[in-house]
Amino acid sequence: MEWLRQLNNAIEYIESNLDSEISYDEAARIACCSTYYFQRIFTYVTGVSLAEYIRRRRMTQAAFELQQTDKRVLDIALKYGYTSPTSFNRAFQKVHGITPVAVKSMGSKLYAYLPIRFSVNVAGGNSIPYHIEEKGSIRIVGVRTQLVEDMETNLKEVPKFWENALNGQQFSKICRLSQGEPEGILGVSVFQNPDNIYYYIAASSNSPVPNGMYEYEIPAATWAVFENDGYFKESVQEVFRRFYTEWLLFSGYEYAGFPDIEVYPVVENGAIHGHSEVWIAIKNKED
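Residues numbered from 1 in each chain as written. Predicted model: local features only at pLDDT ≥ 70, side-chain atom pairs only at ≥ 80, totals over all residues. Heavy atoms only, no water.

1. With respect to the nonpolar core
In this structure, Trp3, Ile14, Ile201, Phe243 and Tyr244 are the most contacted members of the largest nonpolar core, which totals 71 residues. Counting 17 residues, the second-largest nonpolar core is a separate cluster that includes Ile140, Val188, Ile218 and Trp223. (Core = buried A, V, L, I, M, F, W, Y, C linked by side-chain atoms within 4.5 Å. Buried < 20%, exposed > 50% of the residue type's maximum accessible area, 1.4 Å probe, protein only.)

Printed below as a string of structure tokens:
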């Protein structure tokens, strides 16, 4: 349960700094992981990006202050990190659906987003099909797009990348490259450092690298392989959520921090549902 405690400590840091600068790097340090993986884990577990969570919490507190005090909108905007009334107004309306000025009217409908607290919930009845694989290094070949540490941006860019790949000429070539395990079309998130974050659409292959494509070698690892059926996007996200909030807590393993692998069937017509797998590298817990 140590990682839950670390996540909660990171949330406490965020909550104590809603009215000042919040460092993603510091929150990640408290959670004992990289900034990129902290945002990634946070999004999968909570269903919202870290940036959106902070925005919602700040706008919740701002609404309380607008209701309960005589402070000017500009003063509250500055308190929560917005340098202009326009940007504050835009953020406020995105959360509450009304302008900050309208809050003063009796009966205005607002939305309160309370602080997140990570805990073990009582759950059961729903099995998580998985098996453990020991594999040597995996060489992948395919196309890639560069990502950033901000998960909110990546959540917009990766679907666009998939759409462009499916409509382009390279995708059929990737399908023909698939030779080894994992067998299928792979979506692979690779974090090397803050300046080198890539998402690959690729195949496990020993073939030469075609023009316009890239190769990457994933180190040997122990993998927890989760199988699922349904719409790919929802199914994969649900696997990651359950991995972090259920499976990992009681498995005796820790997250290894290697590239995660999404495995989809080799279908050149761009199917959006069916059987898929998620490969997540794990390691034994340190004593």
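2. Points about the pattern of salt bridges
Inspection of the entire model under this criterion finds 16 salt bridges. Between Glu52 and Arg55 there is a salt bridge; the shortest N-O distance is 2.2 Å. Of the two residues, Glu52 and Arg55 both sit in helix α4 (residues 50-68), three residues apart, roughly one turn of that helix. Summarising the burial analysis for this pair, Glu52 and Arg55 share the class buried. Note that Lys79 is salt-bridged to Glu65, the shortest N-O span being 2.6 Å. On the criterion of sequence distance, the pair formed by Lys79 in helix α5 (residues 73-79) and Glu65 in helix α4 is long-range, its members being 14 residues apart. Among the charged side chains, a salt-bridge network with shared partners connects Glu52, Arg55, Arg56, Lys94 and Glu152. (Salt bridge = Lys/Arg side-chain N within 4 Å of Asp/Glu carboxyl O. Helix = DSSP H or I, 4+ residues; strand = E, 2+ residues; numbered from the N terminus.)

3. Things to note about the packing of helix α3 (residues 35-46) against helix α7 (residues 151-167)
It is at 10 Å that the axes of α3 and α7 come closest, and there the two elements cross at 70 degrees. When the axes of α3 and α7 are compared, the pair comes out roughly perpendicular. Contact residues: α3 offers Tyr36, Gln39, Arg40 and Thr43, while α7 offers Met151, Asn154 and Leu155. Taken together, the residues of the contact of α3 with α7 sort by class into three nonpolar, three polar and one charged. (Axes fitted to C-alpha atoms, helices over the stretch in contact; angles between N-to-C directions. Parallel < 35°, antiparallel > 145°, perpendicular 65-115°, else oblique. Contact = heavy atoms within 4.5 Å. Nonpolar A, V, L, I, M, F, W, Y, C, P; charged D, E, K, R; others polar.)

4. Quick look at the packing of α4 against helix α6 (residues 85-96)
Closest axis-to-axis distance for the α4/α6 pair is 9 Å, and the angle between their directions is 95 degrees. The orientation of α4 relative to α6 falls into the category roughly perpendicular. Between α4 and α6, the residues in contact are Glu52, Arg55, Arg56, Met59, Thr60, Ala62, Ala63 and Leu66 and Phe88, Ala91, Phe92, Lys94, Val95 and His96, respectively. A per-class count over the contact of α4 with α6 returns eight nonpolar, two polar and four charged.

5. Notes on the pairing of strand β4 (residues 196-204)
In terms of residue burial, β4 counts as a mostly covered element, since eight of its nine residues are buried. Note: strand β2 (residues 138-146) against β4, seven bridges, orientation antiparallel. Note that in β4 the partner of Gly142 across the bridge is Ala202. Here strand β3 (residues 185-193) runs beside β4; their pairing, made up of seven bridges, is antiparallel. What sits directly across from Val188, in β4, is Tyr200. (Pairing = 2+ DSSP bridges.)

6. Considering the packing of aromatic side chains
For the structure shown, the criterion picks out 24 aromatic pairs. Grouped by ring-pair contacts, the aromatic residues Tyr36, Tyr37, Tyr130, Phe191, Phe226, Phe243, Tyr244, Trp247, Tyr253 and Tyr255 constitute a single cluster. Stacked on the ring of Tyr214, the Lys or Arg Arg144 has its end atom at 3.9 Å from the ring centre. (Phe/Tyr/Trp six-rings, centres within 6.5 Å; stacked < 30°, edge-to-face > 60°. Lys NZ or Arg CZ within 6 Å of the ring centre and 35° of its normal.)

7. Observations concerning unusual backbone geometry
For the peptide bond that leads from Glu181 to Pro182, omega is -5 degrees, which places it in the cis range. Within the secondary structure layout, Pro182 lies in the loop between α8 (170-177) and β3. A positive phi angle is found at Cys32, which is not glycine, with a value near 65 degrees. Looking at the secondary structure, you find Cys32 in the loop between α2 (24-30) and α3. What makes Cys32 exposed here is its relative accessible area of 55%.

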